[in-house]
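Residues per chain are reported as follows:
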Amino acid sequence: MKVRPRHVAAILLRQYYLMRGSPVRILPVVVWVAIDIILWGFISRYLSTVASSGFSFLAAFLGAIVFWDFFNRVMFGVSTAFLEDVWSRNFLNLFASPISVFEYLLGLVICSILTSLAGLLVMILLASIAFGWSFLAYGLAVLPFLLVLFLFGISLGILAISMVLRFGPPAEWLVWPIPALLSPFAAVFYPVSVLPTWMQYLARILPPTYVFESMRSIVSGTKSNPMDLLLAGVLALIYVLMACWFFGHVFRLVIREGHIARYNAETVS
Amino acid sequence: MKADMADRNVLAVVDLCKYYGSILAVDHVSFDVNLNEIVGLLGPNGAGKTTIINMILGVLQPTEGKIYIEGIDISTDRCKALERTNFAAVYAPLPGNLTVYENLMFFGLLYNVKDLKDKIEQAISLFELGRFRNTKCGVLSSGEQTRVGLAKALLSGPRLLLLDEPTASLDPANAREVRDRIRSFAKKEAVGLLWTSHNMVEVESVCDRVLFLSHGKILLEGNPRTLPQEYGMRNLEELFIAVAKEPLTIEDGS
């Protein structure tokens, strides 16, 4: 698969121009994550004072919110960069240019890496300074944690934009609730064992579940199973491949049915 | 001679068909565009002009038929074919949240334009966009946005240029200037143009050859300056109206 760096650079440059031209776009990267850290930091601190179990709520809850927000940023990083083309009705100009689907997706993913890492950095700094939370307390496990969440975020981001491409600009409203719908199943703040059996089955096919279970094991001082993280990585990779295949399939479908030109004239309603 | 013609051919549309469900929008259309030639694609609303342009741009898949851009089959080598093509259309303005310069940078990279900064300066100068360089396209008038769209279309030095009603939103003075610039570009550069318009005076002055489309079929083809007389009409506008009113009964008047 041939990748022309200038095509990918065009997508990155466009996102840079948009942020430079409208600094308010930086707010979601910085402000919402800061609010989450402050809110969950105080909740964790309060729980630590009233609970006598000795369990570190700060490490568990702040860790959960940092990693969950990172996953959210990755997913929204991909979908927001795509939605810029929906909002500016740029489908026709873009897809009539020589950029390939793979180059376009690669550009979106790199945009997402940059914005999600910026958000992660803000969260780590704030959680460390304000609440004494340490990112390094999880040891080397943070690397597979981030990788799994990154891959799953990318796959959901691509799935979300495929839906918008398939059903048109109004389908944008299906994108935003996706993380909220998944969070009860992904066992972000509680162990999978508290879920009803049917929810546990669903939880087991979601890669983030393994990340949050492992994180809680580390916090509580019990040993986490590295095979769980390996399984999560393999699952996440399968989801990325399926999402890319699905996007390619949807792209061919909209080209066959002529939706690109139609969406260009449509706006979100 | 044949080899020479093949070298000059920038667009070959062969037996193109498009069905939307059971509706036939384009019905076995074939035509060529050669280098330094401006071909007008004419027809009433709904005749299939934009459908054909969308298929040439690779954003709509034909049901049958082939499209070759400089001999490259767009169905098998889409990106390579589109590198040689560019377009401007009133219904596809450039993103309004980027400035004129930013849009030209963005699309210049997408079209892999060499010496991009110099080419942008030339395009800005050609379409007198200097004072709008740092203005967001969304706040420009429709005429100014059209000029930015044309600057983007010419920026990549395309071999095939598709212009869908390029002067529709321009005042007569601006429209004349834009026509002159595009005509001069078409004669000087190695480019072939496909031009759609409902302004028959414009078509007569700009196009070397016209194709009249009706109900998705090419009904007439020829020189816009002699075609009306061949069909017993006084001018192109009369011929257009006749085609639009009774598209399937018009007969050769000669």
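Please read all numbers here as calculations on a predicted model, not as lab measurements.

**As for the packing of aromatic side chains**
In this description, an aromatic ring pair is defined by two values, namely the gap between the centres and the angle between the planes.
Part 1 of the reasoning: On inspection of all chains with the given rule, the structure shows 25 aromatic pairs over all chains.
Part 2 of the reasoning: For the pair Trp133 of chain A and Phe135 of chain A, a centre-to-centre distance of 6.1 Å together with 55° between the ring planes defines the contact as tilted.
Part 3 of the reasoning: Overall, Phe135 of chain A belongs to the buried group, its relative accessible area being 16%.
Part 4 of the reasoning: Plain terms: the ring middles of Phe212 of chain B and Phe240 of chain B are 6.3 Å apart, the flat faces sit at 55° to each other, and that makes the pair tilted. On the criterion of sequence distance, the pair formed by Phe212 of chain B in strand 9 (residues 209–214) and Phe240 of chain B in helix 10 (residues 236–245) is long-range, its members being 28 residues apart.
Part 5 of the reasoning: Here Phe212 of chain B falls in the buried class, since its relative accessible area comes to 0%.
Part 6 of the reasoning: Its relative accessible area of 14% is what places Phe240 of chain B among the buried residues.
Part 7 of the reasoning: In textbook terms, an aromatic cluster arises when at least three aromatic residues are bridged by ring pairs, as seen for Phe67, Trp133, Phe135, Tyr138 and Phe145 of chain A.
Part 8 of the reasoning: The ring of Tyr20 of chain B is capped by Lys18 of chain B, whose NZ or CZ atom sits 5.7 Å from the centre of that ring.

**Examining the nonpolar core**
Part 1 of the reasoning: The biggest cluster of nonpolar side chains holds 182 residues, and the ones touching the most others in it are Phe67, Phe82 and Ile260 of chain A together with Leu11, Phe31, Ile56 and Phe212 of chain B.
Part 2 of the reasoning: A total of 21 residues in this core trace back to one element, the largest contributor, which is helix 3 (residues 57–87) of chain A.
Part 3 of the reasoning: Residue contacts for Phe67 of chain A: discarding those within four places in its chain leaves Phe135, Tyr138, Val142, Phe145, Leu146, Leu149, Phe212 and Met215 of chain A.

**Quick notes on the sheet that holds strand 2 (residues 23–34) of chain B**
Residue and element names in this part refer to chain B.
Part 1 of the reasoning: Here we have 4 strands laid out as an open sheet, ordered 2-1-4-5, and antiparallel in their pairing. Only two strands of the sheet have a single neighbouring strand rather than two, namely strand 2 and strand 5 (72–73).
Part 2 of the reasoning: Pairing of strand 1 (residues 9–20) with strand 2, which is carried by 8 bridges, proceeds in the antiparallel orientation. Each residue of the ladder has a partner; that of Tyr20, found in strand 2, is Ile23.

**Some thoughts on helix 9 (residues 207–220) of chain A**
All names here are of chain A.
Part 1 of the reasoning: Under the 1.5 Å per step criterion, the end-to-end length of helix 9 is 21 Å for 14 residues, consistent within 8% with the ideal 20 Å.
Part 2 of the reasoning: Counting buried residues in helix 9 gives 11 out of 14 residues, a clear majority hidden from the surface.
Part 3 of the reasoning: What helix 9 keeps buried is the set Pro207, Pro208, Thr209, Tyr210, Val211, Phe212, Ser214, Met215, Arg216, Ser217 and Val219.
Part 4 of the reasoning: Buried residues along helix 9 sit in contact with helix 3, helix 6 (142–167), helix 8 (197–204) and helix 10 (226–257).
Part 5 of the reasoning: Phi for Gly221, located one or two positions after helix 9, is positive at around 85°.

**Examining the interface of chain B and chain A**
Part 1 of the reasoning: Each partner contributes to the interface: chain B provides 33 residues, whereas chain A provides 36 residues.
Part 2 of the reasoning: Between chain B and chain A lies a buried interface of about 2,900 Å² when both sides are counted; carbon and sulfur atoms form 59% of it.
Part 3 of the reasoning: Of all residues in chain B, the largest losses of buried area upon contact with chain A belong to Val59, Leu109 and Leu110 of chain B, amounting jointly to 23% of the total for that side.
Part 4 of the reasoning: The tally of links from chain B across to chain A stands at 2 salt bridges.
Part 5 of the reasoning: In this structure, Glu83 of chain B and Arg4 of chain A form a salt bridge, with 3.1 Å as the shortest nitrogen-oxygen distance.
Part 6 of the reasoning: Where chain B touches chain A, the interface holds 12 residue pairs in polar contact (both at pLDDT 80 or more).
Part 7 of the reasoning: Secondary-structure elements contributing two or more residues to the side of chain B that touches chain A are strand 1, helix 3 (78–83) and helix 4 (100–110) of chain B.
Part 8 of the reasoning: Of all the elements, helix 4 of chain B adds the most residues to the side of chain B that touches chain A, at 6 residues.
Part 9 of the reasoning: Residues of the side of chain B that touches chain A, tallied by class, amount to 21 nonpolar, 5 polar and 7 charged.

**A closer look at the pattern of salt bridges**
Part 1 of the reasoning: Using the criterion set out here, one finds 19 salt bridges over all chains in the structure.
Part 2 of the reasoning: The residue Glu238 of chain B makes a salt bridge to Arg234 of chain B at a minimum N-O spacing of 2.6 Å.

**Here's the deal with the packing of helix 4 of chain B against helix 5 (residues 116–126) of chain B**
Residues and elements named next belong to chain B.
Part 1 of the reasoning: One way to put it is that helix 4 packs onto helix 5 with a least axis distance of 10 Å and a crossing angle of 130°. In terms of orientation, helix 4 lies oblique with respect to helix 5. For the element pair helix 4 and helix 5, the recorded crossing hand is right-handed. Packed against helix 4, whose contacting residues are Tyr101, Leu104, Met105, Gly108 and Leu109, the element helix 5 presents Leu116, Lys117, Ile120, Glu121 and Ile124 at the interface.
Part 2 of the reasoning: Along the lines of polarity and charge, the residues of the contact of helix 4 with helix 5 split into 7 nonpolar, 1 polar and 2 charged.

Calculation rules
Residues numbered from 1 in each chain as written. Chains lettered and ligands numbered in written order. Predicted model: local features only at pLDDT ≥ 70, side-chain atom pairs only at ≥ 80, totals over all residues. Heavy atoms only, no water. Phe/Tyr/Trp six-rings, centres within 6.5 Å; stacked < 30°, edge-to-face > 60°. Buried < 20%, exposed > 50% of the residue type's maximum accessible area, 1.4 Å probe, protein only. Helix = DSSP H or I, 4+ residues; strand = E, 2+ residues; numbered from the N terminus. Lys NZ or Arg CZ within 6 Å of the ring centre and 35° of its normal. Core = buried A, V, L, I, M, F, W, Y, C linked by side-chain atoms within 4.5 Å. Contact = heavy atoms within 4.5 Å. Pairing = 2+ DSSP bridges. Expected span 1.5 Å × (residues − 1). Buried area = accessible area lost by both parts, 1.4 Å probe. Salt bridge = Lys/Arg side-chain N within 4 Å of Asp/Glu carboxyl O. Polar contact = N/O pair within 3.5 Å; in protein donor to acceptor, adjacent residues only side chain to side chain. Nonpolar A, V, L, I, M, F, W, Y, C, P; charged D, E, K, R; others polar. Axes fitted to C-alpha atoms, helices over the stretch in contact; angles between N-to-C directions. Parallel < 35°, antiparallel > 145°, perpendicular 65-115°, else oblique. Left-handed = near helix turned anticlockwise from the far one by under 90°.

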